[in-house]
Structures are given as structure tokens and as C-alpha cells.
Amino acid sequence: MKVDISVPVIWYPGQSEEEFAEELNLMMARSAMTRDFLNGEIPPDHLLDFINDQGFDVLDVAEDWTLGDGIIS
């Protein structure tokens, strides 16, 4: 089964078009990488390296990434 991921878009008051486009591109890149991981197209260490390169603490992300928030798989 292939997984598709949606990307939410939020335009913050005072955000320039350039800032919005940059954030949108980053959100889409993160979503695409997550989708590829969930579809078994990339190994876990590749995803973890990508998350780390994006400036996120991998351990914090892993701790927050649970299905306990009402999300049903």
C-alpha cells in the first residue's frame, strides 16, 4: 500500500511571498521524504539524516511522532 501525505499551508500575517514560498518548499520536501520513508523507498538513517539536516533534533521528533494524538493509522 502506498502512502500519500498532505502538506498544510499557513500564511502568517506579515510573511512575505518569498518567506511563504521558502517555508512551503521546506514543508513539501519534509513531506516527500516522510512519504518515501513510509513507502519503503529510503532507509531510516536517510530520513534521520534529512531531519537532522533540516535543523530538528531527531530524538525530539521521534518522541513527538506518535499516533497518540487521535491519529489512526
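Refer to the structure printed above.
Residues numbered from 1 in each chain as written. Predicted model: local features only at pLDDT ≥ 70, side-chain atom pairs only at ≥ 80, totals over all residues. Heavy atoms only, no water.

Re the packing of helix 1 (residues 17-38) against helix 2 (residues 44-53)
How we decide: Axis angles are defined between N-to-C directions and span 0 to 180 degrees, where every axis is a line fitted to C-alpha atoms and, for a helix, only to the segment in contact. Secondary structure follows DSSP: runs of H or I at least 4 residues long count as helices, runs of E at least 2 residues long count as strands, and numbering of each begins at the N terminus. Working rule for angles: under 35 degrees goes down as roughly parallel, over 145 as roughly antiparallel, 65 to 115 as roughly perpendicular, anything else as oblique. For any helix crossing, the convention is left-handed if the near helix is rotated counterclockwise from the far helix by under a right angle, and right-handed if that rotation is clockwise. Contacts are assigned to residue pairs with any non-hydrogen atoms lying within 4.5 Å of each other. For this classification, Asp, Glu, Lys and Arg are treated as charged, while Ala, Val, Leu, Ile, Met, Phe, Trp, Tyr, Cys and Pro are nonpolar and the rest, including Gly, are polar.
Contact geometry for helix 1 and helix 2: axes closest at 10 Å, N-to-C directions at 165°. Taken together, the axes of helix 1 and helix 2 are roughly antiparallel relative to one another. Considering only the axes of helix 1 and helix 2, their crossing is left-handed. Residues Ala29, Arg30, Met33, Thr34 and Phe37 of helix 1 lie in contact with helix 2, whose contacting residues are Pro44, His46, Leu47 and Phe50. By residue class, the composition of the contact of helix 1 with helix 2 is six nonpolar, two polar and one charged.

Focus: helix 2
Since the α-helix advances by 3.6 residues per turn, residues separated by three or four positions end up pointing in the same direction. Convention followed: With a 1.4 Å probe rolled over the protein chains alone, any residue whose accessible area is under 20% of its type maximum counts as buried; one over 50% counts as exposed, and the rest are partly exposed. An arc is given here, and it is the one of the directions from the helix axis to the C-beta atoms.
Among the residues of helix 2, those classed as buried are Leu47, Phe50 and Ile51. Seen end-on, helix 2 carries its buried residues on one side only, within an arc spanning 100°. In the core, the buried residues of helix 2 are packed alongside helix 1 and helix 3 (58-64). Immediately beyond the C-terminal end of helix 2, within one or two residues, lies Gly55, with a positive phi of roughly 95°.

Some words on the nonpolar core
Our working definition: Residue types Ala, Val, Leu, Ile, Met, Phe, Trp, Tyr and Cys, when buried and joined through side-chain atoms within 4.5 Å, form a set referred to as a nonpolar core.
Counting five residues, the largest nonpolar core is built from Met33, Ile42, Leu47, Phe50 and Ile51. Among the elements that line this core, the one with the most residues is helix 2, at three residues.

A word on the packing of aromatic side chains
What counts here: Side-chain rings of Phe, Tyr and Trp, where Trp is taken by its six-membered ring, are said to pair if the distance between their centres is within 6.5 Å; with planes under 30 degrees apart they count as stacked, over 60 as edge-to-face, and otherwise as tilted.
For the structure on display, the rule yields one aromatic pair. Here Trp11 and Phe20 contribute two aromatic rings whose centre-to-centre distance is 4.5 Å and whose plane-to-plane angle is 25°, an arrangement assigned as stacked. Residue classification places Phe20 among the buried positions, given a relative accessible area of 15%.

As for the pattern of salt bridges
Note that side chains of opposite charge can pair when their charged atoms are close. This is how the line gets drawn: By salt bridge we mean one thing: a side-chain nitrogen of Lys or Arg within 4 Å of a carboxyl oxygen of Asp or Glu.
For the structure on display, the rule yields three salt bridges. The salt bridge involving Lys2 is made with Glu41; its shortest N-O contact spans 2.9 Å. Taken together, the residues span a long stretch of sequence, with Lys2 in the segment before helix 1 and Glu41 in the loop between helix 1 and helix 2 at a distance of 39 residues. On the accessibility criterion, Glu41 (46% relative accessible area) is partly exposed. The closest approach of N and O atoms between Glu23 and Arg30, which form a salt bridge, is 3.2 Å. Glu23 sits in the partly exposed class, given a relative accessible area of 31%.

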